[in-house]
Amino acid sequence: MTELRARSLAVDLGQRHALSRVDLTLPSGRLTVIVGPNGAGKTTLMRTLAGLLEPTAGQVTLDGQPVSRMSAGERSRCIAYLPQGGNVAWPLPVADVIALGRLPHGEKPDSLSLKGQEAVAAAIHAADLEGFENRPATELSGGERARVLLARALATQARVLLADEPVAALDPRHQLIVLDVLKEQARAGTTVAAIMHDLTLAARFADEIILLNQGIVAASGPPEAVLTEELLAANFGIQAHVSHDGGHLVVVADRPLAEPGQGG
Ligand SMILES: Nc1ncnc2c1ncn2[C@@H]1O[C@H](COP(=O)(O)OP(=O)(O)OP(=O)(O)O)[C@@H](O)[C@H]1O
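Predicted model only: the values in this text are computed from it and were never measured.

Remarks on the environment of A186
- Its place among the elements puts A186 in helix α6 (residues 172-187).
- By relative accessible area, A186 is classed as buried at 0%.
- Remark: the alpha-carbon pair of A186 and L53, spanning 133 residues in sequence, is separated by 24 Å.
- Each residue touching A186, except ones within four places of it in the same chain, is listed here: G29, R30, L31 and V192.

Considerations on the sheet that holds strand β3 (residues 31-35)
- Ordered by their spatial adjacency, six strands build an open sheet running β6-β7-β8-β3-β9-β10, and the pairing between neighbours is mixed. This sheet does not close on itself; its edge strands, each paired only once, are β6 (79-82) and β10 (216-221). Taking the axes of each pair of neighbouring strands and ignoring which way they run, one obtains an average angle of 15° across the sheet.
- Across five bridges, the pairing between strand β9 (residues 208-213) and β10 is antiparallel. For I210, the partnering residue across the bridge sits in β10 and is S220.

Description of the sheet that holds strand β4 (residues 57-62)
- Taken in spatial order, the four strands of this open sheet run β2-β1-β4-β5, and their pairing is antiparallel. Of all the strands in the sheet, just β2 (16-27) and β5 (65-66) have a single pairing partner and so form its edges.
- Pairing geometry for strand β1 (residues 3-13) and β4, over five bridges, is antiparallel. For A6, the partnering residue across the bridge sits in β4 and is V60.
- Sheet contacts for helix α1 (residues 42-49): β1, β2 and β4; angle to β2, the most-contacted strand, approximately 55°.

Overview of the site of the ligand
- Near the ligand there are 14 residues, and of these G39, G41, K42, T43 and T44 occur at the shortest range.
- Between an oxygen atom of the ligand and a side-chain N or O atom of N38, the distance comes to 3.0 Å.
- K42 has a polar side-chain atom sitting 2.7 Å from an oxygen atom of the ligand.
- When the ligand sits alone it has 640 Å² of accessible area, and the protein chains cover 62% of it.

With respect to the UniProt feature "domain: ABC transporter" (unreviewed entry) in the chain
- Following the UniProt record, one finds the feature "domain: ABC transporter" (unreviewed entry) at residues 4-239.
- For the annotated span residues 4-239, helix accounts for 35% and strand for 27% of the residues, and the straight-line distance between the end C-alpha atoms is 34 Å.

Let's talk about the pairing of strand β8 (residues 191-195)
- Counting buried residues along β8, five of its five residues qualify, which places the element largely inside the surrounding structure.
- Burial along β8 is two-sided: T191, A193 and I195 facing one way and V192 and A194 facing the other are all buried.
- Across four bridges, β3 lies against β8 in parallel orientation. Bridge pairing in β8 places T32 opposite A193.
- Relative to β8, strand β7 (residues 160-164) is paired through five bridges, and the arrangement is parallel.

So, the pattern of salt bridges
- Scanning the entire structure with this criterion turns up seven salt bridges.
- One salt bridge in this structure joins R7 and D23, with 3.8 Å as the shortest N-O distance. Separated by 16 residues along the polypeptide, R7 in strand β1 and D23 in strand β2 bring together distant segments of the chain.
- If you follow the salt bridges from partner to partner, you end up with K183, R187 and D207 in one network.

Thoughts on the nonpolar core
- Counting residues in hydrophobic clusters, the biggest one holds 56 residues, and the most contacted among them are V33, I98, L129, L182, I209 and L227.
- If you tally residues by element for this core, the top one is helix α5 (residues 142-155), at seven residues.
- Those residues in contact with L129 that sit more than four places away from it in its chain are I98, I124, E144, R147, V148 and A151.
- Residues V22, L24, M46 and L212 belong to the second largest nonpolar core, which totals 26 residues.

Concerning α6
- Compared with an ideal rise of 1.5 Å per residue, which puts 16 residues at 22 Å, α6 spans 22 Å between its outermost C-alpha atoms and is within 8% of the ideal.
- What α6 keeps buried is the set H174, Q175, V178, L179, V181, L182, K183 and A186.
- The elements touched by buried residues of α6 are β3, α4 (114-126), α5, β7, β8 and α7 (199-205).
- N-cap assignment for α6: the residue whose side-chain oxygen lies 3.0 Å from the backbone N of R173 is D171.
- At the C-terminal side of α6, G189 shows a positive phi close to 115°.

Rules and cut-offs
Residues numbered from 1 in each chain as written. Predicted model: local features only at pLDDT ≥ 70, side-chain atom pairs only at ≥ 80, totals over all residues. Heavy atoms only, no water. Helix = DSSP H or I, 4+ residues; strand = E, 2+ residues; numbered from the N terminus. Buried < 20%, exposed > 50% of the residue type's maximum accessible area, 1.4 Å probe, protein only. Contact = heavy atoms within 4.5 Å. Pairing = 2+ DSSP bridges. Axes fitted to C-alpha atoms, helices over the stretch in contact; angles between N-to-C directions. Near = heavy atom within 4 Å. Polar contact = N/O pair within 3.5 Å; in protein donor to acceptor, adjacent residues only side chain to side chain. Areas by Shrake-Rupley, 256 points an atom, 1.4 Å probe, with all protein chains shown as cover. UniProt positions renumbered as here; feature names shortened; annotations may be inferred. Salt bridge = Lys/Arg side-chain N within 4 Å of Asp/Glu carboxyl O. Core = buried A, V, L, I, M, F, W, Y, C linked by side-chain atoms within 4.5 Å. Expected span 1.5 Å × (residues − 1).

In structure tokens:
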């Protein structure tokens, strides 16, 4: 059982307290979705969990080991991080970009081990990229590129997968495909967390939701406990209608409130 934990985490960015007193546990076998308004600290939290940002206070541990004390190589083998809106700088073939996910294992695109080749093929299949392998990665649509970068993260086969808005640029079919992949990864034993803004999709796929607002955890738990009309008003500043449809929670944002938390 892999467990990524944050204890009393605080991160200051310049003069701003981006995160304060964050305690959370991401267990393996579960898909945790992090939601919250713009500027809530979601990316800051995910980068800190990935060991890419040094906390001002508190600690992140992976199975009890402080992430900050892991070497960069060990960390990138254990924790795959998919950044928000990532780009591809070089016109490499798609298959080579995905194979870069094996670099933490010391494997280059032209010298993949058998395990590496299998990991890349599985990632191409999971991200629905068969037929794209030889296309220059710089000549893709935004959604296609997002799937290539997800596939690169999958190819690492890390124990932890952290994805910052993995479905933001995707069409509805590929949103479902990618979230199915993340859920399958979790079911296979990976610790998976994703940041999302689509609350209905989040409710449908998340085992647990963490609601972040102004750098603190405002609520966490199963979707129905977190995505309530009261918590959405207080934290997103929206009057929302939450209903059930075929066992799924549906969140419709009706209108913005003048101030977060203001009813009526
Ligand atoms: N380099 C920086 N220096 C100072 N403040 C920063 C820096 N980067 C981010 N911030 C601030 O920290 C806060 C948290 O930013 P963060 O990117 O984590 O938010 P987020 O919840 O991911 O937002 P979004 O939904 O818009 O992606 C914001 O108020 C942001 O303005």
